[in-house]
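Secondary and tertiary structure notes
Residue-level listing of the chains:
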Amino acid sequence: MSIKFFWGLGFALLVSSCTGKGSGTIELADGTSLKLERSETLRVNITSEPPTLDWNKATDTTSSHIINNIMEGLVGYDIEDRELRLVPLLATEWVASEKAKVWTFKIRPGVKWTDGVSFEPQQVVDSWRRLLAKETASEYAYFLFAIKNARAFNEGKVPWEQVGVRIAKPVSGPSEIKVELEKSMGYFPHLLAHASTYPIRLDLIAKYGEKWTEAGNLIGLGPFSLKAWHHDKEVLLERNDTYFGSKPAIRFVHAQMIQEQATALNLFEAGKLDAIDGIPSTELKNARKKKEFRSIGVLQSYYYGINTAKPPMNNPLVRRAIAQAIDRQKIVQVLAGGQTPMTGWVPSGMFGYSTDVGLEFNIEKAKADLLKAGYSEKMPLPKIEIQFNISEDHQRIAELVQSQLKENLGITVELKSQEWKTFLSTLKTDPPTLFRFGWLADYPDPDNFMNLMTSYSDNNRTRWSDTRYDKLIEQAATETNNEVRRDLYRKAGKIMLEEAVPVIPLFSSTAHLFVADRVERFPVNALRRFEYKAVSLKN
């Protein structure tokens, strides 16, 4: 997701212009207006403008929030199942052969895009090729590097014809997509539940260019279609009555973009919201007393990344010192939201979670490492900056870290916040010395977290790489013995979190929500996938 839903990242869920018991209107792309009845409209707040609805390029949870409601992949998750089991979508079934080195997906026949064009397996292949193409510059290209020659194609070393993907048409039955991997991988189908792998229409991209994702141009396969998109203001989704699966009970999803969590909370309490995800930590004590309160542990980490190429953070001793000067326990005590302090990289609740990897809070060791790096009271460390996207809780956490680094090491820290889309652009082009980030599981396997920090992951914003780490992660991805796999991740974690320290894990997250009484089957799950096709509203 992946990057993914981040705790407090920026969406406090659910607002609309149709408030109370009345209705509202929204202007459509053709200049006409549409009346939204409260009784058939789920009102949501996605907090900020989605950076893109191009699913081959999207990396953030705000974009995925919309994409996962207007598109489907070969497989998906039963988000109402605590085990998050895979379910068939555009593929009706899948089988592994050659010890999970080859996977065959049977394609669902008779599926139509919202413009009536038939869904074809070639559109899946087109998407994967576009995702992997160097010119697309997708930060999720590495997601499919497990496919034979996929990474070589991405690097321009082989033509597409040598990549291990092909379409087969049996004598009888539906078409199939056969995928050959570099090595065995038991969890490969989970990757295909991610938005970056969804099928694509090259004819629409050729026709509309960069504007193919705009309302009126974007054509999908999901339970909803994109009806309107007023940038930096709102998005309207409408039920897709030609959807191949069970039709949504609600007609509209109206998503507004309101950054302030406190404002969203006030609107909910005024009866103008259907739900809120991301309750401010300062409000949690009172929130727990309300019958609308919901809470769930999520597979999500909150961390500070470091640009290891920028002085003074290019010195691993400085990075170690800072990591050991932060008291994670105190941070989660202040937040009081059920978060779990982390020194490791895999979040609690997931296989691979460890408490004996990483650097613990230790002021004396932090001072010793800073002294070894050449800094002292006579030669203090230059002022450093922490950047984060706008959020009350991000600000609160940054202020706690700022205070701890000043008190424990005498380091002066400046804080800077940015709007979400701008913040993502900053991380991509010129990451600051220290920056807030988070990772929400795209799929429930530790590879999704550990693979994030490989040298070939474009979601690694730290400028750090280590071939030893890469090899351990690649070996673990194909290992079938869980104890061996756990040990490989532990070794990799020690290289990254104790030796190099390009990131400082702080805690694994818990989601806190308000859900109005009128909303039934609202999606509350460990992946924070907000898919609304099962939601219904009471009269």
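Since the model is a prediction, treat every value here as computed from it, not as a measurement.

**Section: the sheet that holds strand 9 (residues 176–180)**
- As summarised here, the arrangement of the 4 strands in space is 6-7-9-8, forming an open sheet in which the pairing is antiparallel. With one partner strand each, in any of the chains shown, strand 6 (91–97) and strand 8 (165–168) form the two edges of the open sheet. The average undirected angle you get between the axes of adjacent strands in this sheet is 20°.
- Of the pairings in the sheet, the one linking strand 8 to strand 9 comprises 4 bridges and is antiparallel in character. For valine 165, the partnering residue across the bridge sits in strand 9 and is valine 179.
- Its contacts with the sheet put helix 2 (residues 121–132) on strand 7 (102–107), strand 8 and strand 9, and the angle it makes with strand 8 is roughly 175°.

**Thoughts on the packing of helix 14 (residues 467–477) against helix 15 (residues 482–500)**
- Direction vectors running N to C along helix 14 and helix 15 enclose 160°, while the axes themselves pass 9 Å from each other. As summarised for this structure, helix 14 and helix 15 are arranged roughly antiparallel, according to the angle between their axes. In this structure, helix 14 meets helix 15 at a crossing whose hand is left-handed. Side by side, helix 14 and helix 15 meet where Arg468, Tyr469, Leu472, Ile473, Gln475, Ala476 and Ala477 of the first sit next to Arg485, Leu488, Tyr489, Lys491, Ala492, Ile495, Met496 and Glu499 of the second.

**Details of the confidence of the model for the protein chain**
- Scored by pLDDT, the protein chain has a mean of 92; 96% of the residues are at 70 or more.
- Across residues 1–17, confidence stays below pLDDT 50; counting only partners more than four residues off in sequence or on other chains, it has 131 contacts.

**Observations regarding the sheet that holds strand 12 (residues 252–256)**
- What the 4 strands build is an open sheet, ordered 3-12-11-10; its pairing is mixed. The two strands at the open ends of the sheet, each matched to only one other strand, are strand 3 (41–45) and strand 10 (224–230). Each strand axis lies, on average, 20° off the axis of its neighbour in the sheet, ignoring direction.
- Relative to strand 11 (residues 234–239), strand 10 runs antiparallel, the two sharing 6 bridges. If you follow phenylalanine 224 over to strand 11, its bridge partner there is arginine 239.

**Points about the packing of helix 8 (residues 316–324) against helix 10 (residues 363–372)**
- Close contact between helix 8 and helix 10 brings their axes to 8 Å; oriented N to C, the two are set at 160°. Relative to helix 10, the element helix 8 lies roughly antiparallel. Of the two elements, helix 8 crosses helix 10, and the hand of that crossing is left-handed. Packed against helix 8, whose contacting residues are Leu317, Val318, Arg320, Ala321 and Gln324, the element helix 10 presents Ile363, Lys365, Ala366, Asp369, Leu370 and Lys372 at the interface.
- Split by residue class, the contact of helix 8 with helix 10 holds 6 nonpolar, 1 polar and 4 charged.

**A look at the pairing of strand 18 (residues 434–440)**
- Among the 7 residues that make up strand 18, 7 are buried, leaving the element largely enclosed by the rest of the structure.
- On strand 18, burial covers both faces: Leu434, Arg436, Gly438 and Leu440 on one face and Phe435, Phe437 and Trp439 on the other are all buried.
- The sheet contact formed by strand 14 (residues 293–306) and strand 18 spans 7 bridges and is antiparallel. If you follow tyrosine 302 over to strand 18, its bridge partner there is glycine 438.
- In this structure, strand 16 (residues 384–389) lies alongside strand 18, joined through 2 bridges in parallel fashion. When the sheet's bridge partners are listed, glutamine 387 is paired in strand 18 with phenylalanine 435.

The rules behind each value
- Residues numbered from 1 in each chain as written.
- Predicted model: local features only at pLDDT ≥ 70, side-chain atom pairs only at ≥ 80, totals over all residues.
- Heavy atoms only, no water.
- Pairing = 2+ DSSP bridges.
- Helix = DSSP H or I, 4+ residues; strand = E, 2+ residues; numbered from the N terminus.
- Axes fitted to C-alpha atoms, helices over the stretch in contact; angles between N-to-C directions.
- Contact = heavy atoms within 4.5 Å.
- Parallel < 35°, antiparallel > 145°, perpendicular 65-115°, else oblique.
- Left-handed = near helix turned anticlockwise from the far one by under 90°.
- pLDDT = per-residue confidence, 0-100.
- Nonpolar A, V, L, I, M, F, W, Y, C, P; charged D, E, K, R; others polar.
- Buried < 20%, exposed > 50% of the residue type's maximum accessible area, 1.4 Å probe, protein only.

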